[in-house]
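Understanding the architecture of this molecule
Here is what each chain is made of, one letter per residue.
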Amino acid sequence: MPGRPSEPENALIPLPTEVDVPLYHIRLGVKPPIFRVFISWSRGNVLQVACIRPLEDHLARGEGHETSDGPGLGGKVVEVKLGASDPNISEAQRRRIIYDSVPPFVLLQSRRKAFLTMYRMSSSSSHPSTDWWQQVLEYSRSISELLGSSKLPAKSVIEDPMIVLEPVEKPSSLKAAWQLMEIFYVDKHYFSWLPERLVDWLAEYDAILSETHMTVHSQLVKLQEKLVNLQVIENDPEYWEGLSSVLTVGWLDVAVKLLRLHGSYHLNQLDSRETENGLVETVAVLVSTMPRLRHDLPVGKSGQCCKTKPDFIKAWEKWRGQITKLDCSAFWVQCSHRPTRDGLRNLLQIMLGNFNSISTACFHWMELFISHFLYIRPLTVGFEEMHGLALKFMRLKSSSVSNGLMRLLIGILGENTEVVMAECSKSFGPWMVTHSAELLTADNNQNEILLHEERYNLGGISIVELHRLVYCQVLASHPLTWQVAPTYLVSCPKQGLGLLEILLSKQPVQNYPMILKNLEICQLNELYGISSCVKKIAGMHQWKHGRKGSGVYWLQEARDEARLNRIAQQLFECIGRSISDETFKQWEGLIELLGSDVGTAGGVGFLHRYRDFKRSLRQVKNGRPTRAARQTVESLIQLMKSPYTPQRFWLPLLHDVVELLNWKDQPLLNVSETNFLLKKLQELSMAQLCPEFSQTYLPPEALTEIRLALATNLSRAFLEE
Amino acid sequence: MERELATLGKGAQCCSWNYCGQRFAVGYDDGSVAVHDSDSSFSRSSKFKVHADGIMNIVWIPPEFGDAIACICIDGTLSLWEEVGEDAHSVSWKQCKVFESSTSRVLDVQFGLPTRYLKMVAAYSDGLVKVYELLDLLELNKWQLQAEFQNVVDSVSIFGKPTCITASVAWSPRRGESQQSRFALGFNSDLSQFNSCKVRFKNFHIIGMPNDTRKCTRRLAGFLVVQIVQRIFQITFDLEKRLGFNSGGVVSCNVDGYGLCCLLTMSDKSWLWWWFAIGSYGFITCGLGIASSVGARIGLLFLGIPLPGKLGLIWEFEEAHQRWVPAAELAFPADTDDRVHALAWAPNIGRPFEVIAVASCKGIAIWHVWLNSGTDGRLSTEKVVLLSGHDNEIVGTSNLIVVKKQGKKNKKMAGSDSDESYSSTVVHLLPSLLYFPL
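Residues numbered from 1 in each chain as written. Chains lettered and ligands numbered in written order. Predicted model: local features only at pLDDT ≥ 70, side-chain atom pairs only at ≥ 80, totals over all residues. Heavy atoms only, no water.

1. Brief notes about the overall build of chain B
To keep things clear, this is the line we draw: Segments assigned H or I by DSSP are reported as helices when at least four residues long, segments assigned E as strands when at least two residues long, and all are numbered from the N terminus. Only protein chains enter the calculation, and the probe is 1.4 Å; a residue is then buried if its accessible area is under 20% of its type maximum, exposed if over 50%, and partly exposed in between. Here, two residues are considered to be in contact whenever any of their heavy atoms come within 4.5 Å of each other. Accessibility throughout is a Shrake-Rupley quantity obtained with a 1.4 Å probe, and a residue counts as covered only by protein chains that appear here.
A tally of helices and strands in chain B yields four helices and 29 strands. Within chain B, the fraction of its 438 residues that count as buried is 59%. A separation threshold of at least 6 residues defines the contact pool for chain B, and within that pool the share at least 24 residues apart is 46%. Here chain B has roughly 17800 Å² of accessible surface; of this, 52% comes from carbon and sulfur atoms.

What follows is the structure, encoded as structure tokens:
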């Protein structure tokens, strides 16, 4: 076939096997048998399905199915929304995210445009991505903000020593995923202190690492419940387990707080357990002075902030030296409380980077992964061996990747952009994949090429465009979100406008605000064809539903000359059928609205002249005599001269002016005009003999009356001249 | 995932949605039609009697012509109805036009995208296709028959007219004034009547007519007319050369992918032409025409007649000659037993090819059709995939969605015993892409 490569892997469209085709099971709520099914696409991804049951006499002849649905049920109509949305996010929340993410997205797109223009204009000495990532970071932070408020440091914790875990809402996995991508793809600052950034991330999202398995967070929740009732806390092994776990994952504040709950701090016991208390306090001090390689440390957070690597190495060695010294000290022998001694020494082992202690204290592989960088390889930069380690720890904790968040992390660590995109789409939906594509390309030329390259097998569009189109389909599925879709569609260079046309042409145009919204979008995107189509539909709807004026208005807006001509013709015929003042009044407004420049039919031209004639005639009757009378006869002469004035109008027109022909002051028509009218009257009398002549409603003596009036006028005109 | 919109009354037969999916019309077995509106949360907004017989199908007319429907009744009557009113409260449905035919029934009707004129294609039970054009843009009562032909590539079958049970028409949904009018059409015709024809000409299919072959045919027709005129009026003028026919020898020869060969030989005084159609399996049919300079009588003998009526054919309107010509056939030579149940033409916003689904008893075949025809003037087609129905019964298709009745195995998986559930296979969601599973 022309234009089609023969290799299957390069095929224009990947051939689906039966297995790949998605199946949606629809419960229609109609008992079998079903006779016919009708389906139709509604907006976006919404399908409408009608299921029709066979007639009852057919049923009776058949297998004798009972109609338990009720005797009157002939079928049901259901609406099916394809593509599942995240059940953890409520519909209202989802819509809020959709609306709020528009401004940052639009801002970033316009910046990108400006950035590319600038780059093209300037010499290629500076790479475009030199500070592009900062723009993306700003975008990422605004999106991150709208995904939910981050955990605030609760001040009340300090006041209540028994509360080690602040009660917060369950964090959203969408935000967790977003922040993971921000850490790994956007923020260049994080690259030097990745382990610390991961510790911060884990502190916020440990609760959602696993739905089924134990995590440090869930252990801490259990311990928190126990703390209130425990008298001698240090005798409980769970206290020491919890303590080592929180230390492993780097939650130093919680660890210090837990240590200070140790029984030896009680005033009544301080004397008898002096050495023990000293050891606990020393460990607490060591924990709270742990060196941390990061840019800043929030106020109230434990640890010793080191901004540069040399500073950190120095502080780290000193700190490790102190731990080793404490570990070897003789005070341990003097400590009589065995759980305290073992617990504290275990904490020291963790801080010294003992893998076994760390591994035992962690539950989830991700916790082990992060603590590995915190205590064993604190100087890790970038993706170095991260993927291998993650897989190793997963095996160690014998956990499978069941969670979308974890699959995403594995994809990121594996530096596999396709997997990341697929995971974003699968686990977090089209919103995520559309918006996160910007993060992927922030500082990665390879990804930029991969995602923005036009692909033959996608019909000539890029992956980024594909996902935006998919997202727009989702937006179009809801009456409250479809108006957001055009913003994204215009950022799709290849097929965005095509999809926008389809979207707009499927919008109902029954109400005025809706039409205006549609037209506004058309105007913005220069979709004149669709805009004219919308106006035509609106015009015809109004016309057919009795709102003739509105109908004509919209058809004029659409410049639909063909229809307007037909309307003019219809009006013309309608007025011609019975030319009375009442019918004319009824149509006068429409004639006005149609304007005089409609088409070439001439019908409207006549109607306009006729309207002027009637108007001046009315003025004469209302007592503004001579001038108006003169105008009326002028209109009359024009009308009679016009080839478009149908013959059936002649007699009524002349009959209307009988009064004016007998005008008291002066004859209004001169000799030649009167002669012209007499000629016309003669023509009319001849035509009356023809069988197809249409009779008017005028009395039979009208003709004689007019003739007499004309003759009188003629004689007066002679005298005058 | 699903939400119930409305419950249909007893005797419902068919259902159809309007352009924006905000209204739907339901046809009943007593010949009445009910219209449901989203404004009234899809409860019935009006009901009116259309015909004495039951309604078989309803099709909405493009909204540029008002809120109107076409109703096909069981007896084959086609009637057009529109909603009119003096104000919002006095809305009623009135009949605009009735198309009656004593000889054949209307099976399906579809309206083209409104460009300058509204075109309506009606498929009849005798295998005929009629294309009507609306003459009045404001009223739906004046229609003109623009064309009438059989859904076959070649001339009318000498074996008589087929009897068709169902038909399906799908217009190309491409917008824009410059777009050529195209529609695809398929019939489900009475097989037994054509058994002999089917066996005999099993392998004979012409897909469109190659450009130069078509030209040649036109020239031939023109030449014949000239010959007749010359004989009748006893005048001689050398038009042959002007028409491009040289005396004697081979005039045109063309072999297309399906083995159609056209050969013309002429001599000074008499001439004959030959058609050879060689099927994929070597079956040869030929057409022979003889005309003599002595007499004006023309003998035409067609030995090979293509299989009538059952295949999906794409017709396109040739503006230059104001006629409908078959542009492509959506069937393989081996697919002779395909009865077309339904056709759907997918929207296209940037694909280099069109996507058409043809539902037959074998399953749903997805075809790619390249509209920019090659040098031979015919559209390239390719069957991309056949979504077989397995043991499931396909009960409906729409724009490449297939609704299947679920088999027993699946039913168990779905865990529903009371409700018969239906699974819809979504082959295509984005108009631009053929295949995008959600």
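What follows picks up the thread again.
2. Side note on the overall build of chain A
Per the secondary structure count, chain A includes 34 helices and six strands. Summarising the internal contacts of chain A: among those between residues at least 6 apart in sequence, 65% fall at separations of at least 24. Counting every atom, chain A has about 33600 Å² of accessible surface; 54% of that belongs to carbon and sulfur.

3. Some remarks on the side chain of Ser477 of chain A
Tracing the sequence through the fold places Ser477 of chain A in the loop between helix H21 (463–476) and helix H22 (485–489). Contacts of Ser477 of chain A, omitting those with residues within four sequence positions, involve Arg43, Gly44, Asn45, Val46 and Lys81 of chain A.

4. Details of the packing of aromatic side chains
The cut-off we apply is this: Each pair of aromatic rings taken from Phe, Tyr and Trp, with Trp reduced to its six-membered ring, is defined by centres within 6.5 Å and is described as stacked if the planes are under 30 degrees apart, edge-to-face if over 60, and tilted in the remaining cases. Consider the ring centre and the ring normal. A charge sits over the ring if Lys NZ or Arg CZ is within 6 Å of that centre and within 35 degrees of that normal.
Tallying each qualifying case throughout the model produces 25 aromatic pairs over all chains. A centroid spacing of 6.0 Å and a plane angle of 50 degrees characterise the contact between Tyr512 of chain A and Trp554 of chain A, whose relative ring orientation is tilted. Residue Tyr512 of chain A is located in helix H24 (residues 512–524), and its partner Trp554 of chain A is located in helix H26 (residues 548–557); the two are separated by 42 residues in the primary sequence. Classification of Trp554 of chain A as buried rests on a relative accessible area of 2%. For the ring pair Trp171 of chain B and Trp324 of chain B, a centre distance of 6.0 Å and an interplane angle of 80 degrees mean the geometry is edge-to-face. Residue Trp171 of chain B is found in strand E14 (residues 164–171), and its partner Trp324 of chain B is found in strand E22 (residues 323–330); the two are separated by 153 residues along the sequence. We classify Trp171 of chain B as buried; its relative accessible area is 11%. Feature note: the residues Phe48, Trp60, Trp81 and Trp93 of chain B constitute an aromatic cluster, connected by ring pairs. Note that Lys392 of chain A overlies the ring of Phe355 of chain A, its terminal NZ or CZ placed 5.9 Å from the centroid.

5. Looking at the nonpolar core
Among soluble globular proteins, nonpolar side chains are generally buried collectively. The following threshold applies: Only buried residues count toward a nonpolar core. Its members are Ala, Val, Leu, Ile, Met, Phe, Trp, Tyr and Cys residues joined through side-chain atoms within 4.5 Å.
Ranked by internal contacts, the top residues of the largest apolar core, which has 147 residues, are Phe184, Trp201 and Phe369 of chain A. Core analysis: the next-biggest nonpolar cluster, separate from the first, contains 45 residues, Ile637, Val658, Leu660 and Leu661 of chain A among them.

6. Topic: the sheet that holds strand E8 (residues 78–85) of chain B
Residue and element names in this part refer to chain B. In plain terms, the rule: Criterion used throughout: strands pair if DSSP finds at least two bridges between them. In this analysis, axes come from line fits to C-alpha atoms, helices being fitted only over the stretch in contact, and the angle between any two N-to-C directions falls in the range 0 to 180 degrees.
With antiparallel pairing, the four strands of this open sheet are ordered in space as E6-E7-E8-E9. The open sheet has two edge strands, strand E6 (55–60) and strand E9 (91–99), and neither has a second partner. Shown here is a sheet whose adjacent strand axes are inclined to one another by a mean of 25 degrees, direction ignored. Where E8 lies against E9, eight bridges are found, and the strand directions are antiparallel. Counterpart to Ser79 in the pairing with E9 is Val98.

7. As for the pattern of salt bridges
All names here are of chain A. Spelled out, the test is: One side-chain nitrogen of Lys or Arg within 4 Å of one carboxyl oxygen of Asp or Glu is enough to make a salt bridge.
Per the stated rule, a full pass over the model turns up 34 salt bridges over all chains. Asp560 is paired through a salt bridge with Arg563; the nearest N and O atoms lie 2.6 Å apart. Residue class for Asp560 comes out buried when judged on its relative accessible area of 6%. Where salt bridges share partners, they join Arg112, Glu438, Glu448 and Arg468 into one cluster.

8. Regarding helix H10 (residues 252–259) of chain A
Residue and element names in this part refer to chain A. The buried fraction of H10 is high, at six of eight residues. All buried positions along H10 are accounted for by Leu252, Val254, Ala255, Val256, Leu258 and Leu259. Tucked into the core, H10 has its buried residues touching helix H8 (216–227), helix H9 (237–248), helix H11 (274–288), strand E5 (291–293), helix H14 (338–351) and helix H16 (365–376).

9. Remarks on the sheet that holds strand E10 (residues 106–111) of chain B
All names here are of chain B. Here four strands make up an open sheet; going across it, the order is E10-E11-E12-E13 and the pairing antiparallel. Both outer strands of the open sheet, E10 and strand E13 (143–150), are each paired with one neighbouring strand and no more. The sheet shows a mean angle of 20 degrees between the axes of neighbouring strands, taken without regard to direction. Relative to strand E11 (residues 119–124), E10 runs antiparallel, the two sharing five bridges.

10. Topic: a nonpolar patch on the surface
Residue and element names in this part refer to chain A. This is how it is decided: Within this analysis, patches are made of residues with over 30% relative accessible area and no salt bridge. Like charges are joined at 9 Å or less; nonpolar side chains (Val, Leu, Ile, Met, Phe, Trp, Tyr) at 5 Å or less.
Judged by side-chain polarity, Tyr512, Leu516, Tyr553 and Leu593 come together as a nonpolar surface patch covering roughly 360 Å² of accessible area. In this structure, Leu516 sits in helix H24. What makes Leu516 partly exposed here is its relative accessible area of 39%.

11. Description of the domain arrangement of chain A
One widely used convention gives an interface's size as the accessible area the parts lose upon coming together. Our working rule: Each domain's limits were defined by an automated method or a database of domain assignments.
By domain assignment, chain A separates into domain 1 (23–55 + 75–82), domain 2 (193–381) and domain 3 (560–718). Inter-centroid distance (C-alpha atoms) of domain 1 of chain A to domain 2 of chain A is 59 Å.

12. Description of the side chain of Lys535 of chain A
Residues and elements named next belong to chain A. What counts, and what does not: Working convention for charge: Lys and Arg count positive, Asp and Glu count negative, and His plus the chain ends are omitted.
By secondary structure assignment, the location of Lys535 is in helix H25 (residues 528–544). For Lys535, which is buried and forms no salt bridge, the nearest opposite charge comes from Glu557, at a distance of 4.4 Å. Residues within four places of Lys535 in sequence aside, it is in contact with Leu519, Trp554, Glu557 and Ala558.

13. What to know about the environment of Ala207 of chain A
Residue and element names in this part refer to chain A. Among the secondary structure elements, Ala207 is positioned in the loop between helix H7 (194–205) and H8. For Ala207, a relative accessible area of 23% gives the class partly exposed. Expressed as a C-alpha distance, the spacing of Ala207 and Ser173, which sit 34 residues apart in the sequence, is 9.8 Å.

14. Considerations on the state of the cysteines
Cysteine pairs can be linked by a disulfide, which is a covalent bond between their two sulfur atoms. Residues and elements named next belong to chain A. Heads up, the rule is: Disulfide assignment relies on a single distance test, namely cysteine sulfur atoms paired within 2.5 Å.
One pass over the structure, following the stated rule, counts zero disulfides over all chains. Distance from the sulfur of Cys305, which forms no disulfide, to the nearest cysteine sulfur (Cys306) is 6.6 Å. Cys492 provides the cysteine sulfur closest to Cys472, a residue in no disulfide bond, and the two sulfurs are 5.6 Å apart. Take Cys472: its relative accessible area is 1%, and that puts it in the buried class.

15. Describing the confidence of the model for chain B
Residue and element names in this part refer to chain B. The condition that has to hold: Each residue carries a pLDDT value, the predictor's own confidence for that position, ranging from 0 to 100.
With 53% of its residues at a pLDDT of 70 or more, chain B shows a mean pLDDT of 63. The least confident element of chain B is helix H1 (residues 195–200), whose mean pLDDT is 24; the most confident is strand E7 (residues 68–73), at 94. Confidence drops under a pLDDT of 50 for residues 390–438, and excluding neighbours within four residues, the segment shows 170 contacts in the predicted structure. Under the prediction, the complex receives an ipTM of 0.75, its pTM being 0.75.

16. Digging into the pairing of strand E23 (residues 340–345) of chain B
Residue and element names in this part refer to chain B. Burial of E23 is extensive: five of the six residues sit out of reach of the surface. Both E23 and strand E24 (residues 354–360) contribute to a ladder of five bridges, which runs antiparallel. Bridge pairing links Leu343 to Val358 in E24.

17. As for the packing of H10 of chain A against H11 of chain A
All names here are of chain A. So the rule is basically this: Here the word oblique covers every angle except those under 35 degrees (roughly parallel), over 145 (roughly antiparallel) and from 65 to 115 (roughly perpendicular). Side-chain classes are defined by residue name, with Ala, Val, Leu, Ile, Met, Phe, Trp, Tyr, Cys and Pro counting as nonpolar, Asp, Glu, Lys and Arg as charged, and the others, Gly among them, as polar.
Two numbers describe how H10 lies on H11: the axes approach to 9 Å, and their chain directions differ by 170 degrees. Between H10 and H11, the angle is such that the two are roughly antiparallel. Seen from H10, the contacting residues are Leu252, Ala255, Val256 and Leu259; seen from H11, they are Val280, Val283, Ala284, Val287 and Ser288. Residues of the contact of H10 with H11, tallied by class, amount to eight nonpolar, one polar and no charged.

18. A word on H11 of chain A
All names here are of chain A. Here is the rule we go by: How far a helix is expected to stretch is found by multiplying one less than its residue total by 1.5 Å.
Taking 1.5 Å per residue, 15 residues should reach 21 Å; H11 reaches 21 Å between its end C-alpha atoms and fits that length. Listing the buried residues of H11 in full gives Glu276, Asn277, Leu279, Val280, Val283, Ala284, Leu286 and Val287. Taken together, the buried residues of H11 touch H9, H10, helix H12 (309–328), helix H13 (331–334) and H14.

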